[in-house]
Amino acid sequence: MKIKAVSFSDFKCVIEVYEKEKMDLFVFLLVKVIEKGSVKTFKEVLLDLDITDALLYLFQNNFYYLLDNNLIVSKSDSEDISEIVVNDVSLSDFGKLCLNSGYVPKYKESISKRIIYNPYKEEFVSDNVVVEDSNVVVYSYELDFLKLINKYKNELVNVSDDFVLNYRELEASPYYFEVKKIDDKSRECLENNKVIVNDDKVINDDKKEFLSSNFKCKLFYGVESKLVNSDYYLLVSEDEKFKVQGNKVYIEDIVSDFRNFSFVDLGELESIGYNVCRDEVGSCIERIKLKNYKGDIKKYLLRNKDKYKDSRVIDEIIDLL
């Protein structure tokens, strides 16, 4: 089965490269103080640990370093450890990555980078082909971008030394890919994207495509029980013919060739018929290009226009045809 999917994982960002350096005692103690927490200031806590006043400037310098390199986050307006309450400071995600592993990062360089990630296959790819189709499944996933770039850092940055990566100016765009079968990874996203339509027709499994809730027609032709998203609807019903309800126009069965299809999309360029079958997580479709009968439908609407109370919608549909 063909499933066209999209995830927001075509990234543009600035990658910051840092060399790893051994953590000294002053940084180690600051990290431990932050992790333990206190309603006192850093200076008060350090003095309680028998740190002398003469050494406080070294802790102050290292506090500046942690702050300037985005290793810690402070709610305080001050950068003076004699004024900052310990509980107002926490480790950033980048700080946790580095400091909890026992090293401090030393800035080396910044690189503008485009990173395209396929969350289904869990791998980086080199290109992104935009799919001009509304029938696309949104593939939702949780991604820790900082963890991702450091897991695959040697693939992203050509640096021989031991290093760690951070990022800024992250911008995510749609990435389009195809899922060729339903498995545990794709099942949940298909459930969230499915369109419910029913049909007893048997279709060729090789040509099946998943029908997502993003799918939209320009002008639907068919019966009301098979509705999918559309700008306008021509609904075949002998009992309701000549009725208008919003963007739904009820008609006679104008084109007998369309009876074999669940519904027909009378698009701007061509008519496409859809056979539909129920799948365990949604609906599958088979598309078949049809001979255009737009002229016949247009003549029918023009001929019966006065029988409809709302001629505005009829005129709009006629313009589409």
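Use the structure listed above.
Before going into details, it helps to say that this report is about the structure given with it. Just so we're clear, the structure is a prediction, and the values are computed from it rather than from any experiment. (Residues numbered from 1 in each chain as written. Predicted model: local features only at pLDDT ≥ 70, side-chain atom pairs only at ≥ 80, totals over all residues. Heavy atoms only, no water.)

Here we take up the packing of aromatic side chains. The final tally for this structure, using the stated rule, is 20 aromatic pairs. Pairing phenylalanine 215 with tyrosine 274 gives two aromatic rings, centres 5.4 Å apart and planes at 75 degrees, and the pair type is edge-to-face. Linking phenylalanine 215 in the loop between strand E8 (209-211) and strand E9 (217-222) with tyrosine 274 in strand E14 (residues 271-279), this pair joins segments that are 59 residues apart in sequence. Using a relative accessible area of 3% as the deciding quantity, one classes phenylalanine 215 as buried. What makes tyrosine 274 buried here is its relative accessible area of 1%. (Phe/Tyr/Trp six-rings, centres within 6.5 Å; stacked < 30°, edge-to-face > 60°. Helix = DSSP H or I, 4+ residues; strand = E, 2+ residues; numbered from the N terminus. Buried < 20%, exposed > 50% of the residue type's maximum accessible area, 1.4 Å probe, protein only.)

Right, let's talk about the pairing of E14 for a bit. Counting buried positions along E14 yields eight of nine residues, so the element is predominantly enclosed. The pairing of strand E13 (residues 263-266) with E14 spans four bridges and is antiparallel. Within the sheet, the bridge partner assigned to aspartate 265 lies in E14 and is isoleucine 272. The turn linking E13 back onto E14 is made up of four residues. Where E14 meets strand E15 (residues 282-290), nine bridges bridge the pair, whose relative direction is antiparallel. In the sheet register, valine 276 faces E15, and the bridge partner there is isoleucine 285. The turn linking E14 back onto E15 is made up of two residues. (Pairing = 2+ DSSP bridges.)

Let us now look at the layout of surface pockets. Roughly 290 Å³ of internal volume is contained in the largest pocket. Around the largest pocket, the lining comprises 14 residues; the ones closest to its centre are Asp265, Gly267, Glu268, Glu270 and Ile272. Of all the secondary structure elements, the ones that give two or more residues to the lining of the largest pocket are E9 and E14. Of the residues that constitute the lining of the largest pocket, the class distribution is five nonpolar, two polar and seven charged. (1 Å grid on protein atoms, 1.4 Å probe; cavity = no way out; pocket = protein on both sides within 12 Å on 5 of 7 lines; lining within 4 Å. Points joined across faces, edges and corners; volume = space filled by probe spheres on them. Nonpolar A, V, L, I, M, F, W, Y, C, P; charged D, E, K, R; others polar.)

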